[in-house]
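Breakdown of the fold
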Amino acid sequence: PALKSDAAFSVLFARSGSRPFVYLREAAGEKVIVALNPGLSTEHLALGLPDSGTAPAATTATTLLSVGSASAKVESNSPLVELSLGPQSAEIVQIQ
């Protein structure tokens, strides 16, 4: 559901002068992060997700699709999703 055209869309990372673009899609309780790095160097990001009440924002990150050298993980007891995006890579990750 989170990748359907009517799912909510929020930008998690986009900075002037920086290559990575990361956004969250959310629908029917499903959260998916789409991370893109069109640049020629590896980028490492630690991003917080919008909290949904009293539960932690994320506990697991499951890769749905990865192109190039990209990975995502959630450390235990941390509200952050850590992304490693190699040159010209992309990753779609389901967050639970």
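Residues numbered from 1 in each chain as written. Predicted model: local features only at pLDDT ≥ 70, side-chain atom pairs only at ≥ 80, totals over all residues. Heavy atoms only, no water.

A count of helices and strands for the chain gives zero helices and eight strands. Relative to its length of 96 residues, the chain is compact, with a C-alpha radius of gyration of 13 Å against a globular reference of 12 Å. If one aligns the C-alpha atoms of the chain with their principal axes, the spans along those axes are about 40 × 30 × 25 Å. Long-range pairs, those at least 24 residues apart, make up 53% of the contacts in the chain between residues at least 6 apart in sequence. (Helix = DSSP H or I, 4+ residues; strand = E, 2+ residues; numbered from the N terminus. Rg over C-alpha atoms; globule rule 2.2 N^0.38 Å. Contact = heavy atoms within 4.5 Å.)

Look at Ala 28: it is not a glycine, yet its phi comes out positive at around 50 degrees. A relative accessible area of 77% places Ala 28 in the exposed class. Backbone geometry places Gln 88, a non-glycine residue, at a positive phi of 50 degrees. Following the sequence through the fold, Gln 88 ends up in the loop between strand E7 (80–85) and strand E8 (89–95). (Buried < 20%, exposed > 50% of the residue type's maximum accessible area, 1.4 Å probe, protein only.)

Val 22, Ile 33 and Leu 83 are the most contacted members of the largest nonpolar core, which has 17 residues in total. Elements represented by at least two residues in this core include exactly strand E1 (8–14), strand E2 (21–27), strand E3 (30–37), strand E4 (43–48), strand E6 (70–74), E7 and E8. Not counting chain neighbours up to four residues away, the residues in contact with Val 22 comprise Val 11, Leu 12, Phe 13, Ile 33, Val 34, Ala 35, Leu 45, Leu 47 and Leu 83. Counting five residues, the second largest nonpolar core, distinct from the first, contains Tyr 23, Val 32, Val 34 and Ile 92. (Core = buried A, V, L, I, M, F, W, Y, C linked by side-chain atoms within 4.5 Å.)

Under the definition given, this model contains two aromatic pairs. Ring geometry for Phe 21 versus Tyr 23: centroids 5.4 Å apart, planes at 40 degrees, classification tilted. According to the relative accessible area criterion, Phe 21 is partly exposed, its value standing at 29%. Among the aromatic residues, those joined into a cluster by ring pairs are Phe 9, Phe 21 and Tyr 23. (Phe/Tyr/Trp six-rings, centres within 6.5 Å; stacked < 30°, edge-to-face > 60°.)

Spatial strand order, E1-E2-E3-E8-E5: five strands in an open sheet with antiparallel pairing. The open sheet has two free edges, formed respectively by E1 and strand E5 (61–67), since each of these has just one partner strand. Each adjacent strand pair in this sheet contributes to an overall mean axis angle of 20 degrees, direction not counted. The pairing of E5 with E8 spans six bridges and is classified as antiparallel. Bridge pairing in E8 places Thr 63 opposite Val 93. (Pairing = 2+ DSSP bridges. Axes fitted to C-alpha atoms, helices over the stretch in contact; angles between N-to-C directions.)

What follows concerns a nonpolar patch on the surface. Together, Leu 64, Leu 65 and Val 67 make up a nonpolar patch on the protein surface, roughly 260 Å² of accessible area in all. By the element assignment, Leu 65 lies in strand E5. (Patch = residues over 30% accessible without salt bridge, like charges linked within 9 Å, V, L, I, M, F, W, Y side chains within 5 Å. Areas by Shrake-Rupley, 256 points an atom, 1.4 Å probe, with all protein chains shown as cover. Salt bridge = Lys/Arg side-chain N within 4 Å of Asp/Glu carboxyl O.)

With respect to the helices and strands, Glu 91 occurs in strand E8. Lys 73 is the oppositely charged side chain nearest to the buried, salt-bridge-free Glu 91, at an N-O distance of 12 Å. Only 2.7 Å separates the side chain of Glu 91 from the side chain of Thr 63, close enough to count as a polar contact. When near neighbours in sequence (up to four residues on either side) are disregarded, Glu 91 contacts Ile 33, Val 34, Ala 35, Thr 63, Leu 65, Ser 66, Ala 70, Ser 71 and Ala 72. (Lys, Arg positive; Asp, Glu negative; His and termini not counted. Polar contact = N/O pair within 3.5 Å; in protein donor to acceptor, adjacent residues only side chain to side chain.)

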